[in-house]
Amino acid sequence: MTTYPSIDELKAQARRLRQAMAERGDDMSHSTALELIAKQHGLRDWNTLSALAAKPNDGPDAPFDVGSAVRGRYLNKPFTGKVLAMSAKSGGLYRITIHFDEPVDVVEFESFSAFRQRINAQVDADGISPRRTSNGVPHLVLDL
């Protein structure tokens with residue numbers, strides 16, 4: 001997850017930018033400086049940056065991220081794969097999309113198969129899905 005400086009520090013950056021520009025003879029408003037600071041952080045505007053900076057930055061980071069190679073068990077079947085997408089959700093959960101290196105047969109019945117190669121799931125910071133199968137096994141467990 002990306003962390004941002006505090007709002008006070010961001011405003012101080014904007015003041016320093018205004019001062020540096022004024023010394024060069026280019027005056028700008030404080031709001032313009034704030035917008036430029038947001039652009040420097042890769043965001044579209046000051047409102048977005050200030051909202052993200054107001055969130056606490058001390059939450060635990062997930063031990064996996066987009067592009068990470070992962071392995072574990074999906075519906076109690078072993079897999080290896082790659083994280084394609086990830087987003088934080090409330091309650092310390094992450095929505096994660098994994099593309100398996102090899103398709104996983106998710107059916108226990110011997111005369112029928114159903115293979116999955118890409119899944120969407122929710123996991124906690126330990127890589128364990130809160131959803132369970134009928135026998136109590138988590139849908140997804142990542143080996144971290």
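Anything mentioned here points back to the structure above.
The structure displayed is predicted, hence computed values, not measured ones. (Residues numbered from 1 in each chain as written. Predicted model: local features only at pLDDT ≥ 70, side-chain atom pairs only at ≥ 80, totals over all residues. Heavy atoms only, no water.)

Time to look at the overall build of the chain. Across its full length, the chain holds three helices and five strands. Listed N to C, the secondary structure of the chain is α-α-α-β-β-β-β-β in terms of helices and strands. At 22 Å, the chain has a C-alpha radius of gyration far larger than the 15 Å of a compact globule built from 144 residues. With respect to the three principal axes, the spread of C-alpha positions in the chain is 80 × 25 × 20 Å. (Helix = DSSP H or I, 4+ residues; strand = E, 2+ residues; numbered from the N terminus. Rg over C-alpha atoms; globule rule 2.2 N^0.38 Å.)

If you walk through the whole model with that rule in mind, you get two aromatic pairs. Ring centres 5.8 Å apart and planes at 50° place the aromatic pair Tyr74 and Phe100 in the tilted group. Linking Tyr74 in strand β1 (residues 69-74) with Phe100 in strand β3 (residues 94-105), this pair joins segments that are 26 residues apart in sequence. Note on accessibility: Tyr74 and Phe100 belong to one class, buried. (Phe/Tyr/Trp six-rings, centres within 6.5 Å; stacked < 30°, edge-to-face > 60°. Buried < 20%, exposed > 50% of the residue type's maximum accessible area, 1.4 Å probe, protein only.)

Its identity is not glycine, yet Leu75 carries a phi of approximately 50°, on the positive side. Here Leu75 is to be found in the loop between β1 and β2 (77-88). Although it is not a glycine, Asn76 sits at a positive phi angle of roughly 65°. Judged by relative accessible area, Asn76 falls into the partly exposed class, the value being 41%.

Let's shift gears to the packing of helix α1 (residues 7-23) against helix α3 (residues 46-54). Direction vectors running N to C along α1 and α3 enclose 145°, while the axes themselves pass 9 Å from each other. Across the interface between the two elements, Ile7, Leu10 and Lys11 from α1 touch Trp46, Leu49, Ser50, Ala53 and Ala54 from α3. Grouping the amino acids of the contact of α1 with α3 by side-chain chemistry returns six nonpolar, one polar and one charged. (Axes fitted to C-alpha atoms, helices over the stretch in contact; angles between N-to-C directions. Contact = heavy atoms within 4.5 Å. Nonpolar A, V, L, I, M, F, W, Y, C, P; charged D, E, K, R; others polar.)

Core analysis: the largest hydrophobic core is formed by 18 residues, its most contacted members being Tyr74, Phe79, Ile96, Ile98, Leu140 and Leu142. Mapped onto this core, the elements with two or more residues apiece are β1, β2, β3, β4 (115-123) and β5 (140-142). Per-element tally for this core: the top contributor is β3, with five residues. What Ile96 contacts, discounting residues up to four positions off in sequence, is Phe64, Val83, Ala85, Met86, Ile119, Asn120, Ala121, Val123, Leu140 and Leu142. Listed in part, the 13 residues of the second largest apolar core include Met28, Leu34, Ala38 and Leu49. (Core = buried A, V, L, I, M, F, W, Y, C linked by side-chain atoms within 4.5 Å.)

Another aspect to go through is α3. For α3, the complete set of buried residues consists of Trp46, Leu49, Ser50 and Ala53. Looking straight down α3, one finds that the buried residues subtend no more than 95° of arc, so they occupy a single side. Contacts made by the buried residues of α3 are with α1 and α2 (30-40). At the N-terminal end of α3, a side-chain oxygen is found 3.3 Å from the backbone nitrogen of Asn47, two or three residues along, and the residue is Asp45. (Arc of directions from axis to C-beta. Polar contact = N/O pair within 3.5 Å; in protein donor to acceptor, adjacent residues only side chain to side chain.)

Let us now look at the pairing of β1. Residues Val70, Gly72 and Tyr74 of β1 are buried on one face, while the alternating residues Ala69, Arg71 and Arg73, pointing to the opposite face, are not. Note: β1 against β2, six bridges, orientation antiparallel. Looking at β2, one finds that Arg73 is bridged to Pro78. Hairpin connection of β1 to β2: two residues between the antiparallel strands, including Leu75 at a positive phi of 50°. Note: β1 against β5, three bridges, orientation antiparallel. Considered in β5, the bridge of Arg73 is made with Val141. (Pairing = 2+ DSSP bridges.)

Keep in mind these numbers describe shape, not what the thing actually does.
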